[in-house]
Amino acid sequence: MKSRYNGYSFPLRETITREKVRFRNRYGITLVGDLYLPQESAGTLPAVAVAGPFGAVKEQCAGLYAEELASRGFAALAFDPSFIGESGGEARNVASPDINTEDFCAAVDFLSTRDFVDPEQIGILGICGWGGMALNAAAMDTRIKATVTATMYDMTRVNAKGYFDAADSADARFETKQALNAQRTADYRSGSCARAGGVVDPLPEDAPFFVKDYYDYYKTERGYTERSLNSNDGWNVTSALSFLNMPILRYSNEIRSAVLMIHGEKAHSCYFSRDAYADMVNGNPHTENKELLLIPGAVHTDLYDRKDIIPFDRITQFFQTYLH
């Protein structure tokens, strides 16, 4: 299978330019992104850095969101997080709650130093697993004036507790740690890292709906791209280790800047956004600029690429209101 649009899952409209850019994060890892700009623009622009979903690359959803935002007058940077896609970092195919949060801040570094960007008008947008990273970055980086999450996953919660917290026990976590650490030993002995596999293929007839939902995006022409982990061999098996005891949303209720959380009402993952929003506003004196927007009837991947469902008008209005 090949991607539909020469490495991308979406077309580039004629009114938008796309430029490959590189920048370094605080750990010295070189990140690679696509910078989307409207061809007709004057003066400085508000800017948005975009990443996600978890296991996807900039040629998929992040790029689609960035391209759409550029068409609405923003400078938009879709980037590959550390260790995946075209970005640097060794070993490959691993994720880190710390480093991947830092990746958003590094994108802000880059954007804030561009002549065509107003450094006081920078926001971020995280999709799926990078929605959680975006909230974590917003809790840390005061330069981020507005944050949007779409179909957000808290990867630390799902790894430590299982889906719907069904494995939330010390014994269950211990078994997971035993298996992952045994794999570490095997990887070290073999000199290579075992891969977990991307979205299951072929799709079992009895697969739960959310697995079918992922398959429909990552394993079909709709969303397949060559660099995507989820479309191909997946993460390293041991990638989940650091998520087991490092919760990323501990200080979300100290976020003072604006946050818009968007989720499909019918998504299996909707509880992540519902609970994260409740935690974010609990005891937070800055709630007037926080919103949870549930899309009726929408499932998880509808907010990946369904432009008739993704509320881009609302996202645009939100960034226009708070990036000033």
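Quick look at the structure, then. (Residues numbered from 1 in each chain as written. Predicted model: local features only at pLDDT ≥ 70, side-chain atom pairs only at ≥ 80, totals over all residues. Heavy atoms only, no water.)

So, the environment of Phe272
Along the polypeptide, Phe272 turns up in helix H7 (residues 270-281). Between the alpha carbons of Phe272 and Gly132 there is a distance of 9.1 Å; along the sequence they are 140 residues apart. With near-sequence residues (within four places) excluded, Phe272 lies in contact with Met152, Tyr153, Asp154, Arg157 and Val158. (Helix = DSSP H or I, 4+ residues; strand = E, 2+ residues; numbered from the N terminus. Contact = heavy atoms within 4.5 Å.)

Quick look at unusual backbone geometry
A cis amide bond links Glu90 with the next residue in sequence, Ala91, at an omega value of 5 degrees. On the secondary structure map, Ala91 appears in the loop between strand E4 (75-79) and helix H2 (97-112). Residue Pro202 is bonded to the preceding Asp201 through a cis peptide linkage, with omega at 5 degrees. Here Pro202 lies in the loop between helix H5 (170-190) and helix H6 (209-218).

Details of the pattern of salt bridges
Following the criterion strictly, the structure yields 24 salt bridges and no others. Note that Lys58 is salt-bridged to Glu59, the shortest N-O span being 3.0 Å. Judged by relative accessible area, which is 2%, Glu59 ranks as buried. Glu86 is the salt-bridge partner of Arg227, the closest N and O atoms lying 3.3 Å from each other. With a gap of 141 residues between them, Arg227 in the loop between H6 and strand E7 (258-264) and Glu86 in the loop between E4 and H2 connect regions that are remote in the sequence. A relative accessible area of 39% means that Arg227 is categorised as partly exposed. Taking relative accessible area as the criterion, Glu86 reaches 26% and is therefore assigned partly exposed. Taken together, the shared-partner salt bridges connect Lys20, Asp34, Lys58, Glu59, Asp80, Glu86 and Arg227 into one network. (Salt bridge = Lys/Arg side-chain N within 4 Å of Asp/Glu carboxyl O. Buried < 20%, exposed > 50% of the residue type's maximum accessible area, 1.4 Å probe, protein only.)

Quick look at the environment of Ala194
As for its placement among the helices and strands, Ala194 is situated in the loop between H5 and H6. C-alpha of Ala194 to C-alpha of Arg184: the two residues are 10 residues apart in sequence and 9.1 Å apart in space. Those residues in contact with Ala194 that lie beyond four places of it in its chain are Gln183, Asp187, Trp235, Asn236 and Val237.

Structural notes on H5
Helix length check: H5 (21 residues) gives 30 Å between terminal C-alpha atoms against 30 Å at 1.5 Å per residue, within 8%. Gly191 sits one or two positions beyond H5 and adopts a positive phi of about 80 degrees. (Expected span 1.5 Å × (residues − 1).)

Regarding the packing of aromatic side chains
As enumerated under the stated definition, the model contains 22 aromatic pairs in all. Each ring, one from Tyr153 and one from Phe272, has its centre 4.8 Å from the other, and the planes form 40 degrees; the classification is tilted. Note that Tyr153 is positioned in the loop between strand E6 (146-150) and helix H4 (155-161) and Phe272 in helix H7, a separation of 119 residues in sequence. Look at Phe272 and you get buried, because its relative accessible area is 1%. With 5.1 Å between their ring centres and 80 degrees between their planes, Tyr217 and Tyr304 make a pair best called edge-to-face. Of the two residues, Tyr217 sits in helix H6 while Tyr304 sits in helix H8 (residues 302-305), which places them 87 residues apart along the sequence. The exposure classification of Tyr217 matches that of Tyr304, with both residues buried. Of the aromatic side chains, those joined through ring pairs into one cluster are Tyr153, Tyr163, Phe164, Phe210, Tyr214, Tyr217, Tyr218, Tyr271, Phe272 and Tyr304. Positioned above the aromatic ring of Tyr8, the side-chain terminus of Arg18 is 3.6 Å from the ring centre. One cation-aromatic arrangement involves Arg250 over Tyr251; the distance from NZ or CZ to the ring centre is 4.8 Å. (Phe/Tyr/Trp six-rings, centres within 6.5 Å; stacked < 30°, edge-to-face > 60°. Lys NZ or Arg CZ within 6 Å of the ring centre and 35° of its normal.)

Considering the nonpolar core
Formed by 94 residues in total, the largest nonpolar core has its most connected members in Tyr65, Leu125, Ile315 and Phe319. With eight residues, H2 is the largest single contributor of residues to this core. If we skip the residues at most four places from it in the chain, Phe319 touches Val48, Leu69, Phe74, Gly123, Ile124, Leu125, Ala146 and Val148. (Core = buried A, V, L, I, M, F, W, Y, C linked by side-chain atoms within 4.5 Å.)

So, the packing of H2 against helix H3 (residues 129-140)
Between H2 and H3, whose axes approach to 8 Å, the crossing angle comes to 70 degrees. Comparing their axes, H3 and H2 come out roughly perpendicular. Of the two possible hands of crossing, H2 and H3 adopt the one that is right-handed. Residue-level inspection shows Pro97, Asn100, Thr101, Phe104 and Cys105 of H2 in contact with H3, the latter providing Trp130, Met133, Ala134, Asn136, Ala137 and Met140. (Axes fitted to C-alpha atoms, helices over the stretch in contact; angles between N-to-C directions. Parallel < 35°, antiparallel > 145°, perpendicular 65-115°, else oblique. Left-handed = near helix turned anticlockwise from the far one by under 90°.)

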